[in-house]
Amino acid sequence: MTDTTLADATNAPAKPATKPARPYFSSGPCAKPPGWDAAKLADATLGRSHRSKIGKQRLQYCIDLMRELLKLPDTHRIGIVPGSDTGAFEMAMWTMLGARPVTALAWESFGEGWVTDAVKQLKIDPTVIRADYGELPDLAQVDWSNDVLFTWNGTTSGVRVPNGDWIADDREGLSFADATSGVFAYDLPWDKIDVATFSWQKVLGGEGAHGVLILGPRAVERLESYTPAWPLPKVFRLVSKGKLAEGVFKGETINTPSMLAVEDAIFSLEWAKSLGENGLIARSDANARALDEIVQTRDWLGHLATDPASRSTTSVCLTVDAEEAVIKKMVSLLEAEGAAYDIGGYRDAPPGLRIWCGATVDTADILALGPWLDWAYAAAKAA
């Protein structure tokens, strides 16, 4: 059990009167949408084959909802694939890289993971452009005759690319965007993105295990014209007899999906649709503004991403003017009180807090969190 006893009870600060109604601030899996209840999920597909008529219909409906909400042009395919965002991005790397030189951008742990796979597994010797946590690399250095790997929103650093202006219109290489904590929270320029990946467990608050792979026409052309030098496991194969396996992008998944997870994603997508155009973006932006107001009025809190232009509005990473042990104590105290769950910074990132501000979080809960951060900071320092 977590020990919440303070070293000197006389120094214990008073606890705030109001707690966040839903203290779920984890950066993945993230908070479920407001009003979510397992009993509300449609269950007609449970116990049925995903290849049955109803199974295919629900998978296609899920894809259609994603297309509508993302305003994705018909030129881009959407596939539901195994392995969450990681599986989707690995699938893209293993099936398309090697045709031309590669540049990889890394400013947080997941970008570094793609570098490791490119170097140690695919052995393609990419050009690597790095930046420290909280900063963005010099995007002007990118050579677009190369294929380019990057994270749109660095979940573990709180740093995102500000827009797609840096992606060349006349690029020769493909743009590969790991957009898992950015899709649905930003208005993405799909004409600039050849490959995008994400998972439902982020901005939608869906369940894990499944990823989504989006392919633009240039990515399809690469798949149909290039065969990698390395063998591909079955779950990565997107081409059959030299042509794109179109069924994958019509709900005919490569392997068996969880239809319960699909229904959960549909619930989130229908909720998102009910918010109206750009509703998810508006909620994320409002949450980020509310958290920023909390940060700006406390001299012991700061943003790891110092440049507002490249600061995430979903996975907001904060610095704390305290030793790492104090920060860990804060996180433990808040969890024990039921005031905030899972807000410790990522294990590879500088010590700090990470608070999810995606659309499934209510702004009122962000505002209620502020006084609890004050309490936990004072209590942890006094302990």
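Reading guide: rules and limits
Residues numbered from 1 in each chain as written. Predicted model: local features only at pLDDT ≥ 70, side-chain atom pairs only at ≥ 80, totals over all residues. Heavy atoms only, no water. Phe/Tyr/Trp six-rings, centres within 6.5 Å; stacked < 30°, edge-to-face > 60°. Helix = DSSP H or I, 4+ residues; strand = E, 2+ residues; numbered from the N terminus. Buried < 20%, exposed > 50% of the residue type's maximum accessible area, 1.4 Å probe, protein only. Contact = heavy atoms within 4.5 Å. Polar contact = N/O pair within 3.5 Å; in protein donor to acceptor, adjacent residues only side chain to side chain. Domains from an automatic or database assignment. Buried area = accessible area lost by both parts, 1.4 Å probe. Nonpolar A, V, L, I, M, F, W, Y, C, P; charged D, E, K, R; others polar. Patch = residues over 30% accessible without salt bridge, like charges linked within 9 Å, V, L, I, M, F, W, Y side chains within 5 Å. Areas by Shrake-Rupley, 256 points an atom, 1.4 Å probe, with all protein chains shown as cover. Salt bridge = Lys/Arg side-chain N within 4 Å of Asp/Glu carboxyl O. Lys, Arg positive; Asp, Glu negative; His and termini not counted. Charge placed at Lys NZ, Arg CZ, Asp CG, Glu CD.

## Focus: the packing of aromatic side chains
In total, this model carries 11 aromatic pairs according to the counting rule given. Between Y24 and Y341, the ring centres sit 5.6 Å apart and the planes meet at 50°, which makes this aromatic pair tilted. Of this pair, Y24 sits in the segment before α1 (53-70) while Y341 is found in the loop between α7 (324-336) and β14 (353-356), placing the two residues 317 residues apart along the sequence. A centroid spacing of 6.5 Å and a plane angle of 75° characterise the contact between W94 and W230, whose relative ring orientation is edge-to-face. Of this pair, W94 sits in helix α2 (residues 84-96) while W230 sits in the loop between α4 (217-225) and β10 (239-240), placing them 136 residues apart in sequence. Following the ring pairs from residue to residue traces out a cluster consisting of W144, F150, W152 and W166.

## What about the environment of N146?
With respect to the helices and strands, N146 occurs in the loop between β3 (127-130) and β4 (147-151). We classify N146 as buried; its relative accessible area is 7%. Through-space distance from the C-alpha of N146 to that of A104 is 9.6 Å; in sequence the pair is 42 residues apart. Setting aside anything within four residues of it in sequence, one finds N146 in contact with R100, P101, V102, T103, G173 and L174. At 2.9 Å, the side chain of N146 and the side chain of T103 are in polar contact.

## Overview of the domain arrangement of the chain
One can read the domain layout of the chain as domain 1 (38-275) and domain 2 (279-382). Here the C-alpha centroids of domain 1 and domain 2 sit 28 Å apart. Between domain 1 and domain 2, a total of about 2,000 Å² is buried, with carbon and sulfur atoms accounting for 63% of that surface. One can count 10 residue pairs in polar contact (both at pLDDT 80 or more) joining domain 1 with domain 2. Among the secondary structure elements, those contributing two or more residues to the side of domain 1 that touches domain 2 are α3 (109-121), β5 (153-154), β6 (159-160) and α5 (259-274). Looking at the side of domain 1 that touches domain 2, its residues break down into 13 nonpolar, 10 polar and 3 charged.

## Quick look at unusual backbone geometry
Residue P29 is reached from G28 by a cis peptide bond, and omega for that bond is -5°. As for its position among the elements, P29 is in the segment before α1. With phi around 55°, K71 is a residue other than glycine that occupies positive phi space. K71 sits in the partly exposed class, given a relative accessible area of 39%.

## A few points about a positive patch on the surface
On the surface, a cluster of positive charge is contributed by R51, K56, K234 and R237. Residue class for K234 comes out exposed when judged on its relative accessible area of 58%.

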